[in-house]
Amino acid sequence: MSLVQRNNVAVLLIITVMMMMKMAIIMADGAVYKVGGFPGWTSIGNVDYNNWAASNNFQVGDTIIFEYNAQYHNVMKVPYKMYKSCNVSEGTPLETFNTGNDSIKLNRYGHNWFICGFPGHCQNGLKVDVNVIRVSTTKPPTPSRTDDDDDDVQCPDCPNKASPFIASFGLIGLAILFLALAGF
Ligand SMILES: [Cu+2]
């Protein structure tokens with residue numbers, strides 16, 4: 001191995017270690033996700049919010065941020081029934097947010113159903129299911145349904161999330177691709 005090659009290997013190792021450390025820090029502090037990605041929480045552009053949710057691997061301790069024009073939208077955390085029907089008069093939202101920049105910490109496992117409470121917006125797709133999955137190699141026991149635990153119920157038609165392993169493999173794959181493009 002020439003000196004130049006050896007230096008390249010050293011740099012590659014340092015970059016890899018730094019990326020792993022960064023990932024570890026993200027995991028420890030909890031990631032921050034802007035709901036819907038760049039467009040935010042809006043009816044413009046037909047953002048598929050459940051497609052956005054399915055592409056992320058939410059964990060306990062993560063934070064989601066709803067960004068929107070508070071004149072036209074709000075955020076309601078609702079039970080599954082209200083999420084499904086988009087009918088806000090059917091029950092009471094668990095929580096309502098309306099600052100236009102709402103930070104919500106994901107404190108526990110399970111589904112978090114959000115809709116926009118403005119007339120017609122939920123029906124037009126301004127609704128999202130943020131499902132916080134358990135990080136475990138063993139299969140968690142099937143949660144049993146209780147009536148006072150409405151927001152934690154597993155819904156039958158919710159998409160399955162990719163496993164954490166696949167998600168981290170994706171990150172490592174991206175890192176390798178990045179390194180390959182950088183000319184290592
Ligand atoms: Cu709205």
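Above this note sits the structure.
Parameters and conventions
- Residues numbered from 1 in each chain as written.
- Predicted model: local features only at pLDDT ≥ 70, side-chain atom pairs only at ≥ 80, totals over all residues.
- Helix = DSSP H or I, 4+ residues; strand = E, 2+ residues; numbered from the N terminus.
- Contact = placed C-beta atoms within 7 Å.
- Buried ≥ 20, exposed ≤ 12 C-beta atoms within 10 Å, placed from the backbone.
- Pairing = 2+ DSSP bridges.
- Axes fitted to C-alpha atoms, helices over the stretch in contact; angles between N-to-C directions.
- Core = buried A, V, L, I, M, F, W, Y, C linked by C-beta atoms within 7 Å.

(A) Representation of the overall build of the protein chain within the structure. Scanning the protein chain for helices and strands turns up four helices and seven strands. In sequence order, the secondary structure elements of the protein chain are arranged as α-β-α-β-β-α-β-β-β-β-α. Expressed as a percentage of contacts within the protein chain between residues at least 6 apart in sequence, the contacts between residues at least 24 apart total 73%.

(B) How the structure looks around the pairing of strand E7 (residues 127–132). Counting buried positions over the six residues of E7 gives five, a clear majority of the element. Pairing analysis gives six bridges linking strand E6 (residues 110–115) to E7, with the strands arranged antiparallel. Across the sheet, Ile115 pairs through a bridge with Lys127, a residue of E7.

(C) Layout of the sheet that holds strand E2 (residues 63–67). Spatially, the three strands line up as an open sheet ordered E1-E2-E5, and their pairing is mixed. Across the chains shown, the open sheet's two edge strands, defined by having one partner strand only, are strand E1 (32–34) and strand E5 (101–105). Ignoring which end each strand starts from, the neighbouring axes of this sheet average 20° apart. Inspection of the sheet shows E2 paired to E5 by five bridges, in the antiparallel sense. Pairing of Ile65 across the sheet is with Ser103, part of E5.

(D) Summary view of the nonpolar core. In this structure, Trp41, Phe66, Val75, Val78, Phe114, Ile115 and Val130 are the most contacted members of the largest nonpolar core, which totals 24 residues. For this core, the elements supplying multiple residues, two or more each, are E2, strand E3 (75–78), helix H3 (80–85), E6 and E7. With near-sequence residues (within four places) excluded, Phe114 lies in contact with Val75, Met76, Lys77, Lys127, Val128 and Val130.

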